[in-house]
Amino acid sequence: MSGTTDTITSTTTAAGQPAAASEVELAVGGMTCASCAARVEKKLNRMDGVSATVNFATEKARVSYPDGVTVDDLIATVERTGYTAALPEPPAARRPDGGTGGSADSTGGADGADGGTDTGGETDALRQRFWISLVLSAPVVLLSMIPALQFDNWQWLSLTLAAPVVVWGALPFHRAAWTNARHGAATMDTLVSLGTLAAFGWSLWALFLGHAGMPGMRHGFEFTVSRTDASSALYLEVAAGVTTFILLGRHLEARSKRSAGAALRALLELGAKEVTVLRGGREERVPADSLAVGDHFVVRPGEKIATDGTVVEGSSAVDTAMLTGESVPVDVTAGDTVTGATVNTSGRLVVAATRVGADTRLARMAKLVEDAQSGKAEVQRLADRVSAVFVPVVILLALGTLGFWLATGGGATAAFTAAVAVLIIACPCALGLATPTALLVGTGRGAQLGILIKGPEVLENTRRADTVVLDKTGTVTTGRMELRDVVAAEGTAEDEVLRLAGALEHASEHPIAQAIAAGAAERFGTLPVPEGFANLPGLGVRGTVEGREVLVGREQLLTGGTGGTGGVSPGLPRELAGARDAAQAAGRTAVLVVWDGAVRGVLTVADAVKPTSAEAVGRLRALGLTPVLLTGDNRAVAEAVAREVGIDPSPETVIAEVMPEDKVEAVKRLQAEGRTVAMVGDGVNDAAALAQADLGLAMGTGTDAAIEAGDLTLVRGDLRVAADAIRLSRRTLGTIKGNLFWAFGYNVAALPLAAAGLLNPMIAGAAMAFSSVFVVTNSLRLRTFH
């Protein structure tokens, strides 16, 4: 998995010099809100030729940079902005719990460099701060809110308890605010630090210089601002309570973000750690990452297959559920391909490695998921722009609120309370988390189900698509010929026809011959061995089976001059002619079986429709998509397949006899009609059409070219997954929009209430913490998608 220097498109030297124009992924530390991410992104994009995207939820910066810029330059720019940056640690350096270590002093985020990975020390420190602050602040809040609990000099006990919370508990906010202030910037930490320090500072003034320190002083609690005597007003419960609420919000947010990235971490942990390699005829246990292409390794029952390869010895059933979501194990034998991280369930296998490291299917899947999680939907870019200017605007609004209340005779206490409430409630964190957390969960859940979403911009297209073009071969059908019917002439047994034909065809490599041989072997097991086998080009095969001269092939075998077919009576018996005509009408291939000078039977062969394709077409239609079948086969074949899967066999919905290079034109014609086209395909000849379509869904069982061209990759070769992919994408998009609606709506509604004096600052702090937690937990609902 390329989570290290592998994330750089071209290699870098030890000094940080790129070998060529490159793209790098940096782990950025110290970001506590969306405005932090916006600042880092803005600074990086100001560098000549640099294009950067910074993701607050994953704490990553994806940067494209020209030859004249080094990775060290990028890191230096981030550090000058007041944050830390580094290349992510290699997977081997990550702890088994998915963490990468990290500073316990970090100011808020709890995600590491690997897509939502939690750093243990950081979360432990956050949790410790919260619990200690809660124990200290709870008595302060109770004493301040309930006059019956207030004894003489209770306010001094409150000060003693609140001081450590404001100074030590809120230290990460103060430190981050100071760092940002030195760089001429303001973030959410600035608002929290200003609000809590102002409330605490006012309380100190009232206690030592005002009347609040007098014995017998009593203090009430109101949900709105109070107009009490300024010198008697205490805000210790606000300073301590807000700090505790925000620490709780950060802690829950960190845990939720860890859950959001759990699917990708699970994907990264799937691979085998050790492997048994055959070297010099001996078995040797070595680390899995030391495998090279061509190495032969042994996989015993219950073991994971270490890397992608081809079975060279043995047979077994392989459990692929962890990569594809498919619960039924797949039978494999010599010559079959297997995928790394899948589990050998029964027999012993010897596998030749064909792909290792970042080239394996697992690594490429994880890279696709990581790329998607690092991206930004267009709607998130708007939220980022808002977050970038939000904090300075809030500070001005707080000052304006203070001035308005003082100017209108509201009194210093009410003015201060309203201004502090404005500072505390206006957190842009929910805006920054709205898209990344939903993407983290949605794409991670997709990976578990065998659905790889390439990026957030794909989601919009799944909502707009109204037509789905289905490539026939390999998508709707298996792409393999299959024996469908056996019809015997009068007086001849069907089993005899199939057994003799299967024995002869078993010696041929032709796809139709292999289909007949497979059908015969499935019914009879062992087949006779033919003698004198000969291939008749373009017609069929001939040979002697159990003393009988047998011919299997096309109808032209019955005509003279076809290379040794003499002695065969021309013409077909009526029942066989009917079987031939029915096969041709259904778009199938009719194969004749001849011996002893007469046609003894007709075998019908066709490209088998996948058993789940009809159900899949129904699901796609239920999503509001019009299915269109696209194929290079003749119309009779295409219409027969269309009828079988439930597509109307009309010229509008069945596009047949299309040359591979014309598939793009077929998609363009549909788009010219005003349709938004999704296409599902799997072959090299589908790649251009997948790229042309508004939404390309590539079967992962197909070619690399098709997978590269698609927007969504379906790891399983089951068309039903296409419907699931569109449903999941739409659900993820809906969650993002719901999150953004809440985040925007919260700030739009809360700020006027705070400015109008209708919110106590402590209530504002609780609401602000809840907004971020709500957005993350709403995204976590995507984990239940089925």
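Because the structure is predicted, anything quoted here is derived from the model rather than measured.

Each value, and the rule that gives it
- Residues numbered from 1 in each chain as written.
- Predicted model: local features only at pLDDT ≥ 70, side-chain atom pairs only at ≥ 80, totals over all residues.
- Heavy atoms only, no water.
- Pairing = 2+ DSSP bridges.
- Helix = DSSP H or I, 4+ residues; strand = E, 2+ residues; numbered from the N terminus.
- Contact = heavy atoms within 4.5 Å.
- Polar contact = N/O pair within 3.5 Å; in protein donor to acceptor, adjacent residues only side chain to side chain.
- Patch = residues over 30% accessible without salt bridge, like charges linked within 9 Å, V, L, I, M, F, W, Y side chains within 5 Å.
- Areas by Shrake-Rupley, 256 points an atom, 1.4 Å probe, with all protein chains shown as cover.
- Salt bridge = Lys/Arg side-chain N within 4 Å of Asp/Glu carboxyl O.
- Lys, Arg positive; Asp, Glu negative; His and termini not counted.
- Charge placed at Lys NZ, Arg CZ, Asp CG, Glu CD.
- Buried < 20%, exposed > 50% of the residue type's maximum accessible area, 1.4 Å probe, protein only.
- UniProt positions renumbered as here; feature names shortened; annotations may be inferred.
- Phe/Tyr/Trp six-rings, centres within 6.5 Å; stacked < 30°, edge-to-face > 60°.
- Core = buried A, V, L, I, M, F, W, Y, C linked by side-chain atoms within 4.5 Å.

Walk down a regular strand and you will see the side chains alternate between the two sheet faces. Pairing analysis gives 5 bridges linking strand 8 (residues 308-313) to strand 13 (residues 349-355), with the strands arranged antiparallel. Of the residues in strand 13, the one forming a bridge with Val311 is Val351. Both strand 8 and strand 11 (residues 337-338) contribute to a ladder of 2 bridges, which runs antiparallel. Note that in strand 11 the partner of Gly309 across the bridge is Val338.

Tracing the chain through its elements places Ser346 in the loop between strand 12 (343-344) and strand 13. For Ser346 and Asp331, which are 15 residues apart along the polypeptide, the C-alpha to C-alpha distance reads 9.9 Å. Beyond its immediate stretch of four places on either side in the chain, Ser346 contacts Pro301, Ser316 and Ala317. A polar side-chain atom of Ser346 sits 3.0 Å from a polar atom in the side chain of Ser316.

Residues Lys42, Lys43, Arg46 and Arg80 make up a contiguous surface patch of positive charge. Within the secondary structure layout, Arg80 lies in helix 2 (residues 71-80). Owing to a relative accessible area of 55%, Arg80 belongs among the exposed residues under this scheme.

This part is about a nonpolar patch on the surface. A contiguous nonpolar patch, built from Leu142, Met145, Ile146 and Leu149 and spanning about 320 Å² of accessible area, is present on the exposed surface. Positionally, Met145 belongs in helix 3 (residues 120-145).

Within this structure's numbering, the places UniProt gives as "transmembrane region" (unreviewed entry) are residues 130-148, 154-171, 191-212, 232-249, 386-408, 414-441, 739-756 and 762-780. Structurally, residues 191-212 comprises 82% helix and 0% strand, and the distance from its first C-alpha atom to its last is 26 Å. Split by type, residues 739-756 is 94% helix and 0% strand. Its first and last C-alpha atoms lie 26 Å apart.

Here we take up the packing of aromatic side chains. How two aromatic rings sit relative to each other is set out by the distance from centre to centre and by the angle between their planes. Evaluated as defined, the whole model comprises 5 aromatic pairs. Their ring planes at 75° and their centres at 5.3 Å tell us that Trp156 and Phe208 sit as a pair that is edge-to-face. With Trp156 in helix 4 (residues 154-169) and Phe208 in helix 6 (residues 188-208), this residue pair connects regions lying 52 residues apart in the sequence. Judged by relative accessible area, Trp156 falls into the partly exposed class, the value being 26%. Among the aromatic residues, ring-to-ring pairing joins Trp202, Trp205 and Phe416 into one connected group.

What follows concerns the nonpolar core. If you look at the biggest cluster of nonpolar residues, it comprises 130 residues, and the most contacted ones within it are Met31, Leu44, Leu74, Leu470, Val680 and Leu697. If you tally residues by element for this core, the top one is helix 24 (residues 720-755), at 13 residues. Ignoring any residue separated from it by four or fewer positions in sequence, one finds Leu74 in contact with Val24, Leu26, Leu44, Met47, Val50, Val63, Tyr65 and Val69. Ranked by size, the runner-up nonpolar core spans 23 residues in total, among them Leu483, Leu500, Ile516 and Val605.

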